[in-house]
Amino acid sequence: MCGIVGYTGPREAYPIIIKGLKRLEYRGYDSTGVALQNGGLKVYKKKGKVADLEETLVGKNLHAHAGIGHTRWATHGEPSDLNAHPHRSSSGKLAMIHNGIIENYSQLKKELTNKGYQFSSETDTEVLLNFIEEIRNNNQCDLEEAVRIALKRVTGAYVILLLDEDKPETIIAARKGSPLVIGIGKGEHFLGSDASPMLEYTKEVVYVNDYELAIIKPDELILKNLGNEKITPYVQRLDLELAAIEKGGYEHFMLKEIFEQPQTIYDCLRGRLDATEGTITMSGIQQYAEQLVSANRIIMIACGTSWHAGLAAEYIFEELCRINVEVEYASEFRYRNPVINPGDVIIAISQSGETADTLVAIENAKSKGAIILGVVNVVGSSIARTSHGGAYTHAGPEIGVASTKAFTAQLAVLTMIALKIGYIKGTIPQQRYMHLLNELQEIPEKVAWVLKRSGHIKAVAEKYKDARDFLYLGRGYNFPVALEGALKLKEISYIHAEGYPAAEMKHGPIALVDEELPVVFVATKDSYHEKIVSNMQEIRARKGTVISVITEGDEVSTELSDDVMIVPEADEILAPMLSVVPLQLLAYYIGVAKGCDVDKPRNLAKSVTVE
Ligand code: AGP
């Protein structure tokens, strides 16, 4: 998810663009750049935040009436000056910015390389730009037609803004799968990933749809489809304020990110999981598949929510790959003198990729000869760069301090790794393998199903917001979810909450149970279900209040619960990606009901880069 801005009109373009980029930094902030029509095409870009770029431009002649700008969230190619956008075509005549992922870029790159093209970056964007230029040169057609032809060959998601040095007032834009808004001014036009860069200049906007292409001049906006047919732009009047736009209309980033999960899990699977072919493609894992297949032990190393994802992965890898898995708190692992044997594989799980404990833990392990694979969200982050290989979670920037969409994306990636390794090892029967691939593909839709019932969860939150303590109980694959639910509640509402294996209650904690103590059961239908129903009965018998996350249609658990939060049926291995969602919402709504700062909870930081 990157931020893009464009302007063409009578005003100075640079101030509009740089301010617009600052408004969009929540969408990505690892590198940034601008291209200006300033007596020829000028491109300025660098790794770092918008303010870092701005500093380097002080005193330069930035006079221009048209330009584009980009703040990057790296997907292809780590954050660097060269990988920053805008990119220039080989002729230097074109400059382009892009938000999205071109899935068939390596094929296009091969074709262009065979034609003698060279590339200065590792990005899919530069490939697409030169593909467009090649078509224009080859077909002797205009740029607009070349863009149309190129985009018909492209698979993936994109928003592109394109400048042509020979047409200094014109911006060509196109979108598929990523957002693009055009602001309509008097003799001027604005472009943005959302309306925040244009809001102070105009509230008249056009939301560009998939497969549409726009040719924009100061006093003219032409909208067409890829079939070159004109479309009448549908102009809307915006009534959102700036803050609301950055949060996509949600009250908090945390809620926005919870609701992004159908899309982020889909993005995580896209281009990797092919349930029809029965394949899982993850290049950063493929190159270490042999070590994973022959590993005597896999050690998951992480902190916090990421550690919970590692604990869920322990159950998944043991079941699917029959490999011994250990899950380690990075902060403990780094200070012990752990035994690392040749052939051990470490999977480091981290949203930020900068958690100090996890980073040092894997550096220590690496020095002892372990193979390190990273499951990380931030491309080019320290943990990603320290790892030998791995897979990115592609969940986009997670702004809320409480990790939500990163957790389900981590589960999706870890499940795909386990499926891939289990398939290679032959420890998963073919039928179950194909069943799981098909079920995994349906998870985004099932998460959306749960989110549709957020109103009910908000009501449950209202009912229990004044409780002093909570217990979260789960078994098997849902035990890590119970821990994660408890952590969400703690860090967002400051209510003490404890996650526990449900069967462990009888070894002490059940003494806590009374009518004041809400007990949340993560009790989706699985091979442990009968046992967890007995645990519910034990709590009921002691006048405890039971709130349950259950599978749709589970009458038995409904009978035993004071309140239920329902998720669709799913294979138990995949259930955590569903059963965690009601718990994320429960924590969020209780935190809001208690007037807590849910995006920036007290005492917490988004990334713990200190010991
Ligand atoms: C989770 O909601 C917390 N924000 C925290 O526990 C977090 O998961 C932990 O600090 C690990 O961060 P990482 O995933 O960026 O390494």
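What comes next concerns the included structure. (Residues numbered from 1 in each chain as written. Predicted model: local features only at pLDDT ≥ 70, side-chain atom pairs only at ≥ 80, totals over all residues. Heavy atoms only, no water.)

Some points on unusual backbone geometry
Move 1: Here H85 and P86 are connected by a cis peptide whose omega angle stands at 5 degrees.
Move 2: Looking at where P86 falls in the secondary structure, it is placed in the loop between strand 4 (66-72) and strand 5 (87-88).
Move 3: Here the phi dihedral of R322 falls at roughly 55 degrees; this positive angle occurs in a residue that is not glycine.
Move 4: Looking at the secondary structure, you find R322 in the loop between helix 11 (304-321) and strand 19 (324-329). (Helix = DSSP H or I, 4+ residues; strand = E, 2+ residues; numbered from the N terminus.)

A few points about helix 16 (residues 430-451)
Move 1: The end-to-end C-alpha distance of helix 16 is 32 Å, a good match for the 32 Å that 22 residues give at a rise of 1.5 Å each.
Move 2: Of all the bends in helix 16, the largest measures some 40 degrees and sits at I443, one to four residues before the proline P444.
Move 3: Along helix 16, the residues classified as buried are Y433, L436, L437, E439, L440, I443, P444, K446, V447, V450 and L451. (Expected span 1.5 Å × (residues − 1). Bend = angle between axes of the 7 residues up to and from the residue. Buried < 20%, exposed > 50% of the residue type's maximum accessible area, 1.4 Å probe, protein only.)

Regarding the pattern of salt bridges
Move 1: A full pass over the atoms with the stated rule returns 32 salt bridges.
Move 2: The residue K22 makes a salt bridge to E54 at a minimum N-O spacing of 2.5 Å. Of this pair, K22 sits in helix 1 (residues 13-23) while E54 sits in helix 2 (residues 50-57), placing them 32 residues apart in sequence.
Move 3: Close ionic contact of E326 with R297 constitutes a salt bridge, the shortest N to O distance being 3.2 Å. Placement of E326 in strand 19 and of R297 in strand 18 (residues 297-302) is noted, with a sequence separation of 29 residues between them.
Move 4: You can call E326 partly exposed: its relative accessible area is 26%.
Move 5: Among the charged side chains, a network of salt bridges with common partners joins R88, K93, E165 and D166. (Salt bridge = Lys/Arg side-chain N within 4 Å of Asp/Glu carboxyl O.)

Some thoughts on the packing of helix 8 (residues 261-269) against helix 16
Move 1: With their axes 8 Å apart at the nearest point, helix 8 and helix 16 run at an angle of 170 degrees to one another. Accordingly, the angle class assigned to the pair helix 8 and helix 16 is roughly antiparallel. Judged by residue contacts, Q261, P262, I265, Y266 and L269 of helix 8 engage L440, Q441, I443, P444, V447, A448 and L451 from helix 16.
Move 2: Grouping the constituent residues of the contact of helix 8 with helix 16 by class yields 10 nonpolar, two polar and no charged. (Axes fitted to C-alpha atoms, helices over the stretch in contact; angles between N-to-C directions. Parallel < 35°, antiparallel > 145°, perpendicular 65-115°, else oblique. Contact = heavy atoms within 4.5 Å. Nonpolar A, V, L, I, M, F, W, Y, C, P; charged D, E, K, R; others polar.)

A closer look at the site of the ligand
Move 1: Residues in close proximity to the ligand total 15 residues, the closest being S306, S350, S352, T355 and E491.
Move 2: Between the ligand and the protein, one listed contact pairs an oxygen atom with a backbone N or O atom of Q351 at 2.7 Å.
Move 3: Here an oxygen atom of the ligand and a side-chain polar atom of S352 are 2.7 Å apart.
Move 4: Considered on its own, the ligand offers 410 Å² of accessible surface; in the complex 91% of this is hidden by protein.
Move 5: Classifying every residue of the shell around the ligand gives five nonpolar, eight polar and two charged. (Near = heavy atom within 4 Å. Polar contact = N/O pair within 3.5 Å; in protein donor to acceptor, adjacent residues only side chain to side chain. Areas by Shrake-Rupley, 256 points an atom, 1.4 Å probe, with all protein chains shown as cover.)

A closer look at the nonpolar core
Move 1: Formed by 97 residues in total, the largest nonpolar core has its most connected members in I298, M300, F317, F470 and Y472.
Move 2: Excluding residues that lie within four positions of it along the chain, M300 makes contacts with G310, A313, F317, V325, E326, V327, E328, I347, I349 and L414.
Move 3: By size, the runner-up hydrophobic cluster in this structure holds 29 residues, among which are Y105, L143, I215 and L226. (Core = buried A, V, L, I, M, F, W, Y, C linked by side-chain atoms within 4.5 Å.)

Quick notes on the pairing of strand 6 (residues 94-102)
Move 1: In terms of residue burial, strand 6 counts as a mostly covered element, since nine of its nine residues are buried.
Move 2: In this structure, strand 5 lies alongside strand 6, joined through two bridges in antiparallel fashion. Residue pairing across strands places H87 opposite M96, the latter belonging to strand 6.
Move 3: Linking strand 5 to strand 6, which pair antiparallel, is a turn of five residues; within it G92 sits at a positive phi near 80 degrees.
Move 4: Strand direction decides the pairing type here: strand 6 and strand 7 (residues 156-164), joined by nine bridges, are antiparallel. When the bridges of strand 7 are listed, A95 appears paired with L163. (Pairing = 2+ DSSP bridges.)

As for the packing of helix 15 (residues 405-425) against helix 21 (residues 576-593)
Move 1: Orientation of helix 15 relative to helix 21, taken along the N-to-C sense of each, is 170 degrees, at an axis distance of 10 Å. Comparing their axes, helix 21 and helix 15 come out roughly antiparallel. Contacts from F407, T408, L411, A412 and T415 of helix 15 reach helix 21 at P576, M577, V580 and Q584.

Treat this as a map of the structure, not an account of what it does.
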